[in-house]
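Structural overview for review
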Amino acid sequence: MRIDVLSIFPSYFDGLTLSLLGRARDSGILDLSVHDLRDWTHDRHRTVDDTPYGGGAGMVMKPEPWGLALDDLAPASPGGARPTIVFPSPAGEVFRQSTARDLATREHLVFGCGRYEGIDERVFEEASTRGEVRLISLGDYVLNGGEVAVMAMVEAIGRLIPGVVGNPESLVEESHEDGLLEYPSYTKPAVWRGREVPPILLSGNHGAIAAWRREQQLERTRRRRPDLLPDDED
Ligand code: ADE
């Protein structure tokens, strides 16, 4: 998979050289490039923002650098491959595990990180001539810009690309994969500071362990995230 990230703070993404995604990049499974949006400016101050038409607080990102960056990273190619272009935004659809699964099937993702009060609306129209445009929110809170949201999305998507996570079984038993929260995990020692591991886990009875884990998932989900349960399980 190819991923291009556009940001005025490319060093936010230095962490993506670490751990599983770092290894996926080294091995060529993930072709991830982070670009400085200011490389597509042409004035002495490398300006990316300006005051909003109609007035109001804050600054708006100018369309010109975005247009030139899209020309390079997502060129109009009739009949050719079309990338999926994601703009993180608190005004977008909420990012879920299902969104990650969907985006993990794409060949080419372009992420455009906005800052300030947002990006000139015409950039989204222009981008939609190059590929599918998705505005995606990390959740119902406001960040200072899209970088942290894109870090989270790239990690959630990247680990679903075949070969990135060594043992694919570890993808299956995660929170949210089956719509429920994960069951609790324990390792040695069997007693730690007087706290015992639930005896069922030491029983060797795989059927009983699976049933216990399922019950724990349901109980946790009911208690912490009842919104995830279908109405008839409330
Ligand atoms: N940019 C600012 N807030 C955001 C959020 N909640 N999700 C995605 N991008 C954002």
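No experiment lies behind these values; they were computed from the predicted model shown.

**Quick word on the pairing of strand β6 (residues 108-112)**
- Summarising burial for β6: 5 of the 5 residues are buried, a large majority.
- Every second residue of β6 is oriented toward a common face, with His108, Val110 and Gly112 on one face and Leu109 and Phe111 on the other, all of them buried.
- Looking at chain direction, strand β1 (residues 2-7) and β6 are connected through 5 bridges and run parallel. Counterpart to Arg2 in the pairing with β6 is His108.
- Looking at chain direction, strand β5 (residues 84-94) and β6 are connected through 3 bridges and run parallel. Considered in β6, the bridge of Thr84 is made with Leu109.

**So, the site of the ligand**
- The ligand sits among Pro88, Ser89, Pro90, Ile136, Ser137, Leu138, Gly139, Tyr141, Val142, Leu143, Gly145 and Ala149.
- Interatomic distance of 2.8 Å between a backbone N/O atom of Leu138 and a nitrogen atom of the ligand.
- In this structure, a nitrogen atom belonging to the ligand sits 3.2 Å away from a main-chain N or O atom of Gly139.
- Taken by itself the ligand offers 260 Å² of open surface, and the protein chains cover 96% of this.

**A few points about the packing of aromatic side chains**
- Under the criterion given, the structure shown has 3 aromatic pairs.
- With a centroid separation of 6.0 Å and 70 degrees between ring planes, the pair formed by Trp66 and Phe87 is classed as edge-to-face. You can see Trp66 sitting in helix α2 (residues 63-73) and its partner Phe87 sitting in strand β5, a full 21 residues away along the chain.
- With relative accessibility at 2%, the residue Phe87 sits in the buried group.
- Here the aromatic cluster, defined as three or more aromatic residues joined through ring pairs, consists of Trp66, Phe87 and Phe124.

**Re the pattern of salt bridges**
- Applying the stated criterion across every chain yields a total of 17 salt bridges.
- Of the charged contacts, one joins Arg159 and Glu174 as a salt bridge, the two residues approaching to 2.9 Å between their closest N and O atoms. Taken together, the residues span a long stretch of sequence, with Arg159 in the loop between α5 (147-158) and α6 (169-172) and Glu174 in the loop between α6 and β8 (191-192) at a distance of 15 residues.
- Here the residues in one salt-bridge network are Glu93, Asp102, Arg106, Glu132 and Arg134, joined through shared partners.

**Section: the pairing of β5**
- In this structure, β5 lies alongside strand β7 (residues 132-137), joined through 7 bridges in parallel fashion. Bridge pairing in β7 places Ile85 opposite Val133.

**Quick look at the nonpolar core**
- Counting residues in hydrophobic clusters, the biggest one holds 29 residues, and the most contacted among them are Ile3, Val5, Leu30, Phe95, Phe111, Met153 and Ile157.
- For this core, the secondary structure elements donating two or more residues are β1, α1 (19-27), α3 (97-103), β6 and α5.
- Per element, the largest residue contribution to this core is 6 residues, and it comes from α5.
- If we ignore the near neighbours within four places in the chain, the residues touching Val5 are Phe13, Leu32, Ser33, Val34, His35, Phe111, Cys113 and Val150.
- Judged by nonpolar contacts, the second largest core, of 18 residues, contains Trp40, Val48, Trp66 and Ala74.

**What to know about unusual backbone geometry**
- Here the amide bond leading from Lys188 into Pro189 is cis, since omega sits at 5 degrees, within 30 degrees of zero.
- Following the sequence through the fold, Pro189 ends up in the loop between α6 and β8.
- One non-glycine residue, Arg46, lies in the positive phi region at around 55 degrees.
- Within the secondary structure layout, Arg46 lies in the loop between β2 (31-36) and β3 (49-50).
- Despite not being glycine, Arg193 shows a phi value in the positive range, around 50 degrees.
- Among the structural elements, Arg193 can be located in the loop between β8 and β9 (195-196).

Rules behind the numbers
Residues numbered from 1 in each chain as written. Predicted model: local features only at pLDDT ≥ 70, side-chain atom pairs only at ≥ 80, totals over all residues. Heavy atoms only, no water. Buried < 20%, exposed > 50% of the residue type's maximum accessible area, 1.4 Å probe, protein only. Helix = DSSP H or I, 4+ residues; strand = E, 2+ residues; numbered from the N terminus. Pairing = 2+ DSSP bridges. Near = heavy atom within 4 Å. Polar contact = N/O pair within 3.5 Å; in protein donor to acceptor, adjacent residues only side chain to side chain. Areas by Shrake-Rupley, 256 points an atom, 1.4 Å probe, with all protein chains shown as cover. Phe/Tyr/Trp six-rings, centres within 6.5 Å; stacked < 30°, edge-to-face > 60°. Salt bridge = Lys/Arg side-chain N within 4 Å of Asp/Glu carboxyl O. Core = buried A, V, L, I, M, F, W, Y, C linked by side-chain atoms within 4.5 Å. Contact = heavy atoms within 4.5 Å.

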